[in-house]
Amino acid sequence: MPTVAVYNTAGEQVSELELNDRVFGAPVRSDLMHQVVLQYLAARRAGTHKVKNRSEVAGGGRKPWRQKGTGRARQGSTRSPQWKGGGVVFGPTPRSYAFSVPKKVRRQALYSALSSKVADGKIIVLDGLNIDEPKTKKMASVLNQFNLKKALIVDSQKKQPAFLSARNIEGVKYMDANGINVYELLRHEHLVLTKDAVAKVEEVFA
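Bear in mind that the values here come from a model prediction, so they are computed numbers and not experimental data. (Residues numbered from 1 in each chain as written. Predicted model: local features only at pLDDT ≥ 70, side-chain atom pairs only at ≥ 80, totals over all residues. Heavy atoms only, no water.)

## Structural notes on the layout of surface pockets
- Taken as a whole, the largest pocket encloses approximately 230 Å³ of empty space.
- Forming the boundary of the largest pocket are 13 residues, of which V36, R106, L110, I180 and N181 lie nearest the centre.
- Only α2 (30-44), α3 (103-119) and α6 (182-187) provide two or more residues apiece to the lining of the largest pocket.
- Residues belonging to the lining of the largest pocket are distributed by class as follows: eight nonpolar, two polar and three charged. (1 Å grid on protein atoms, 1.4 Å probe; cavity = no way out; pocket = protein on both sides within 12 Å on 5 of 7 lines; lining within 4 Å. Points joined across faces, edges and corners; volume = space filled by probe spheres on them. Helix = DSSP H or I, 4+ residues; strand = E, 2+ residues; numbered from the N terminus. Nonpolar A, V, L, I, M, F, W, Y, C, P; charged D, E, K, R; others polar.)

In structure tokens:
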């Protein structure tokens with residue numbers, strides 16, 4: 001089982017913690033992580049793009065010139081696709097880009113992302129994150145103890161003072177253990193977990 005140091009908010013090591021080998025010691029599968037990140041980003045796409053086809057463009061009801069005798073090509077409407085101001089052929093229409101990935105693949109990708117943080121030494125476990133009032137300076141002080149610039153902070157449950165303290169710090173995101181996902185883990189260089197969050201992650205995802 002991987003073992004990590006546990007620190008207090010002053011940056012001092014207070015104990016050690018054994019992590020669940022299945023969650024934090026799994027083989028790192030970059031292919032699965034890539035697949036899950038693609039799914040995450042695809043589901044976020046609005047898909048509201050839209051252009052008008054020839055039946056939706058206003059005007060063009062009159063035949064621009066007679067069928068024969070002009071020497072020009074026959075035309076039925078000035079809203080045909082070849083005309084300026086005409087409809088678009090095979091243009092984008094509203095759609096959903098979401099696609100599904102098997103639950104076991106999503107779970108293994110999450111294990112891979114967590115395990116990669118442990119293997120790279122990019123995980124920090126805190127004995128607690130006690131921020132009682134929304135003060136950005138307090139959260140910044142905790143991060144400065146570990147010289148963190150881009151970090152994902154995960155607590156056992158989302159606490160409003162801590163969330164408000166972290167949201168104005170560039171490159172930092174605060175979330176609860178239930179919302180942890182592969183995209184956010186890979187997007188941030190460091191992972192900061194409270195001891196309670198580690199227990200919650202192991203309980204929910206192991």
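From this point, the narrative continues.
## Some words on the sheet that holds strand β3 (residues 123-126)
- The six strands lie next to each other as β2-β1-β3-β6-β4-β5, forming an open sheet whose pairing is mixed. Every interior strand has two partners, whereas the edge strands, β2 (13-18) and β5 (172-176), have only one. Neighbour-to-neighbour, the strand axes of the sheet open up by a mean angle of 30 degrees, direction not taken into account.
- Note: strand β4 (residues 151-155) against β5, five bridges, orientation parallel. For L152, the partnering residue across the bridge sits in β5 and is K173. (Pairing = 2+ DSSP bridges. Axes fitted to C-alpha atoms, helices over the stretch in contact; angles between N-to-C directions.)

## Some remarks on helix α7 (residues 195-205)
- Along α7, the residues that are buried comprise A197, V198, V201, E202 and F205. Around the axis of α7, the buried residues are gathered within 135 degrees of arc, so they sit on the same side. When the buried face of α7 is taken as reference, the exposed residues oriented beyond 90 degrees from it are D196 and E203.
- Those residues of α7 that are buried lie in contact with β2, α1 (21-24), α3, β3, β4 and β6 (190-194). (Buried < 20%, exposed > 50% of the residue type's maximum accessible area, 1.4 Å probe, protein only. Arc of directions from axis to C-beta. Contact = heavy atoms within 4.5 Å.)

## A short note on α3
- Helix length check: α3, at 17 residues, gives a terminal C-alpha distance of 24 Å against a target of 24 Å (1.5 Å per residue), a fit within 8%.
- Listed as buried for α3 are V105, A109, L110, Y111, S112, A113, L114, S115, S116, K117 and V118.
- In this structure, the buried residues of α3 make contact with α1, α2, β3, α6, β6 and α7. (Expected span 1.5 Å × (residues − 1).)

## Topic: empty space enclosed by the protein
- Under the counting rule described, the total for this entry stands at one cavity of 30 Å³ or more.
- Counted as a void, the largest cavity has a volume near 40 Å³.
- If you trace the largest cavity, you find it lined by L126, L129, M139, V142, L143, F146, L148, I153 and V192.
- With three residues, the single largest contributor to the lining of the largest cavity is helix α4 (residues 136-145).

## Quick look at the environment of L164
- Within the secondary structure layout, L164 lies in helix α5 (residues 160-166).
- The exposure class assigned to L164 is partly exposed, which follows from its relative accessible area of 24%.
- Separated by 25 residues in sequence, L164 and M139 have C-alpha atoms that sit 9.5 Å apart.
- For L164, the contacting residues outside a window of four places in its chain are P134 and T136.

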